[in-house]
Amino acid sequence: MANFRDTILEGYPAKVFKNRKDHIVELEGEDNPIEANRRTVPGIITSRGCCYAGCKGVVLGPIKDIVLITHGPIGCGYYSWLTRRNKARPGSNGLDLIPYSFSTDMQESDIVFGGVNKLAKAIDEAVEIFHPRAVFITATCPVGLIGDDINAVAAAAQKRLGVQCVAFSCEGYKGVSQSAGHHIANNQFVKYIVGTGEERKMGKYPINILGEYNIGGDAWEIERILNKIGYDIVCTYTGDASVDDMRNANRAELSIVQCHRSINYIAEMIETKYGVRWMKINFIGLKGTMESLRNMAKFFGDPELIERTEQVIAEEFALIEDQFNAHKERLKGRTAALYVGGSRSHHYQILLNDLGISTILAGYEFGHREDYEGRKVLPFVKEDADSKNIESITVEPDEKNYHMYIPKEKAEELSKEMELDYYNGMFYDMKDGNVAIDDLNHYETEMLLEKLKPDIFFSGIKDKFVAQKNGTLSRQLHSYDYSGPYAGFNGALNFARDVDMGVHTPTWTLVEAPWKKNPMLVGEVLGGQK
Ligand code: CFM
Ligand code: HCA
């Protein structure tokens, strides 16, 4: 393993070598700087998506009572239509518009003459038919290129129709990945959504769940446990979410953060503006779930809550323990490589560890340095032209609505034992000798399968079949291969069952990579070498 990084890099021409060398790290000791959130080398087969995908598909997609219009050619709306498996069911206002894909379906004539009139008409039509609680408009690449002013269209529509209309300038080409889109969505939330809710009766321990998108029903499992303990869930950003609940995020006493990458901006802004502290938690894995629940109870500090938490942990664990351990017996000792967006490569190491599976390589598609190395590196992260392109907004305390649940001294004390207003990053849970790769490409994927031979490669749809045709089990950590939930106690058991089935299917004895038998391409390279 010691030479794995060199082996990959050796295959590159000088320019690519120079670019990729700092994105691949073999962990050793405390400090392991990694290059991240930078442009992908043109022409390389990356798994990354675009800014529109991060804004429209990821952060806004799961809000169920809005009309979410894609202003652009139909392909963008179509590709982001239900593929992410963010589940929803109608809430108290009866609305669930998730099954619909709203798009202006721009044609060539709209590109030439402008598409704003078509967009205005689309908003009118959608509001008349669906009576949404708000209309969100997202931009695709051509909208930015031709200069359609979606903000002006939104403002006029809001005046005309009396329904809140918010525009998101998340043209696909902005930034270097989905990550830019997360940031743009977060900015609009703080400007137009948080703090605009109607008075609501507050229960005990009111919390926001941030960065949880209900993929495969994860948020439902987390909410089930938290409700059982007695938390009042004000809102979830944005799994199975209602925009009216999201408006009240300022009224909670604590925000818990599952996916740091996609939501850290709003977590911080809500804290600065309203005093609501945020805590990094992780409901993936038994250890992660138990630790998160205990930290939350400690934050509120009520002995009754602490006792109830222990009771629920004991009850839930007892229900799955035997089955979970049976799967563990069949899985322990195996190795895994993980490559997902910007947080799951970390979270799933905790669950794999519960099952006795060790991680040998992990990477993010679009994580930033702090997602790898922890927020301690934030002061040293260098901005480049691409990151400066994304607006970074600052907020001031809202004198009228500012409230802090625990005093500063108490928060400082708690931060010594938990990630309060802080994230340790993925490397914190990895070992010396492990490999980390940022923005892994398909050549590097093939190399890691061949050289490191993990038993399981956890990733997404774009590389799953490369791995499987090579004889290595690949499970999708984005869509959960149509299974789930994987969060919390029941989720951990579902995951153990799925991985156990995958590992033990007899198929693997029948698969041999085609390139192991015959070369796939025959040709001559310059210099006459065959
Ligand atoms: Fe956060 Fe996500 Fe992820 Fe993400 Fe994503 Fe996703 Fe992901 Mo796919 S918000 S960073 S942009 S946890 S869609 S639910 S699975 S890449 S690791
Ligand atoms: C996205 C969405 C995605 C893609 C999944 C995959 C998801 O990035 O736009 O590549 O398998 O989770 O659906 O991350």
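Residues numbered from 1 in each chain as written. Chains lettered and ligands numbered in written order. Predicted model: local features only at pLDDT ≥ 70, side-chain atom pairs only at ≥ 80, totals over all residues. Heavy atoms only, no water.

The line we're drawing: UniProt positions are given in the numbering used here, feature names are shortened, and annotations may be inferred rather than shown by experiment.
In the nomenclature of an unreviewed UniProt entry, the protein chain is known as Nitrogenase protein alpha chain of Ethanoligenens harbinense. Word for word, the UniProt comment on the protein chain under Cofactor (unreviewed entry) is "[8Fe-7S] cluster".

Overview of the overall build of the protein chain
Threshold: For the purposes of this entry, the term helix denotes a DSSP run of H or I that reaches at least four residues, the term strand denotes a run of E that reaches at least two, and both are numbered from the N terminus. Note that the radius of gyration is over C-alpha atoms, with the globule rule given as 2.2 Å times the number of residues to the power 0.38. Summary of the burial criterion: residues with accessible area below 20% of their type's maximum are buried, those above 50% are exposed, and those between are partly exposed, where the area comes from a 1.4 Å probe applied to protein chains only. Contacts: residue pairs with any heavy atoms within 4.5 Å of one another. The accessible surface values rely on the Shrake-Rupley method and a 1.4 Å probe; as for residues, cover is taken only from the protein chains in view. By the counting rule applied here, Lys and Arg register as positive and Asp and Glu as negative, while His and the ends of each chain are not counted. By convention, charge coordinates are those of NZ in Lys, CZ in Arg, CG in Asp, or CD in Glu.
When you go through the protein chain residue by residue, the secondary structure sums to 22 helices and 14 strands. A compact globule built from 530 residues should have a C-alpha radius of gyration of about 24 Å, and the protein chain, at 24 Å, falls within 12% of that. In terms of principal-axis extent, the alpha carbons of the protein chain reach across some 70 × 65 × 45 Å. Looking at the protein chain residue by residue over its 530 residues, the buried ones come to 57%. Taking the contacts inside the protein chain whose residues are at least 6 apart along the sequence as the reference set, 75% of them involve residues at least 24 apart. Of the accessible surface of the protein chain, which amounts to about 23,500 Å², a share of 52% is contributed by carbon and sulfur atoms. Of note, the protein chain has its 61 positive side-chain charges centred 2 Å away from the centre of its 74 negative side-chain charges.

Some details on the pairing of strand S13 (residues 456-459)
Test applied: For two strands to pair, DSSP has to find at least two bridges joining them. Orienting the strands away from the viewer, one traces the path from the first strand over the helix to the second; a clockwise path indicates a right-handed crossover.
Along S13, one buried face is formed by Ile456 and Phe458 and the opposite face, lined by Phe457 and Ser459, is buried too. Bridge count between strand S10 (residues 335-340) and S13: three bridges; the pairing is parallel. Opposite alanine 336, over in S13, you have isoleucine 456 as the bridge partner. Tracing the backbone out of S13, into helix H20 (residues 461-469) and back to the parallel element strand S14 (residues 473-476) gives a crossover that is right-handed.

Quick word on the site of ligand 2
Rules: Here a residue counts as near a molecule or strand whenever at least one of its heavy atoms sits within 4 Å of it. Each polar contact in these results corresponds to two N or O atoms within 3.5 Å; when the atoms are within protein, one needs to be able to donate a hydrogen and the other to accept it, and residues that are neighboring in sequence are counted only if both atoms are side-chain atoms.
Residues in contact with ligand 2, as listed here, are Ala53, Arg84, Gln178, Gly460, Ile461, Lys462 and His478. Between isoleucine 461 and ligand 2, the recorded distance is 2.8 Å, taken from a backbone N or O atom to an oxygen atom. Histidine 478 has a polar side-chain atom sitting 2.9 Å from an oxygen atom of ligand 2.

Remarks on the sheet that holds strand S5 (residues 165-168)
To keep things clear, this is the line we draw: Only the contacting stretch of a helix is used when fitting its axis, a line to C-alpha atoms as for every element, and angles between N-to-C directions run 0 to 180 degrees.
Across the sheet, four strands lie side by side as S3-S2-S4-S5; this open sheet has parallel pairing. A single partner strand is all that each edge strand has here, and the edge strands are strand S3 (102-103) and S5. With four bridges connecting them, strand S4 (residues 134-139) and S5 associate as parallel partners. Across the sheet, residue phenylalanine 136 finds its bridge partner in S5, namely valine 166. Contacts between helix H8 (residues 150-161) and the sheet are confined to strand S2 (66-71), S4 and S5, with S5 contributing the most and set at about 175° to the helix.

Observations concerning the packing of aromatic side chains
We apply this condition: Pairing of aromatic side chains here covers Phe, Tyr and the six-membered ring of Trp, requires ring centres within 6.5 Å, and sorts the geometry by plane angle: under 30 degrees stacked, over 60 edge-to-face, intermediate tilted.
Scanning the entire structure with this criterion turns up 20 aromatic pairs. Between phenylalanine 299 and phenylalanine 300, the aromatic rings sit 5.2 Å apart at their centres with planes inclined by 85°, giving edge-to-face as the arrangement. For phenylalanine 299, a relative accessible area of 1% puts it in the buried group.

Remarks on the site of ligand 1
Quick reminder of the rule: Polar here means any residue outside two lists: the nonpolar Ala, Val, Leu, Ile, Met, Phe, Trp, Tyr, Cys and Pro, and the charged Asp, Glu, Lys and Arg; Gly therefore counts as polar.
In the vicinity of ligand 1, 14 residues are found, and the nearest of them are Arg84, Cys259, Ser343, Phe366 and His478. For the shell around ligand 1, a count of residues per class yields six nonpolar, six polar and two charged.

Topic: the environment of cysteine 165
Along the chain, cysteine 165 falls in strand S5. You can call cysteine 165 buried: its relative accessible area is 7%. For the pair cysteine 165 and glutamate 444, spaced 279 residues apart in the sequence, the C-alpha separation amounts to 44 Å. Setting aside anything within four residues of it in sequence, one finds cysteine 165 in contact with Ile123, Val135, Ala154, Ala157 and Gln158.

Topic: the pairing of S4
Judged by how many residues are buried, S4 sits mostly within the fold: six of six residues are covered. Here S4 shows no split at all, with Ala134, Phe136 and Thr138 on one side and Val135, Ile137 and Ala139 on the other all buried. Across six bridges, S2 lies against S4 in parallel orientation. Paired with threonine 70 across the two strands is threonine 138, which belongs to S4.

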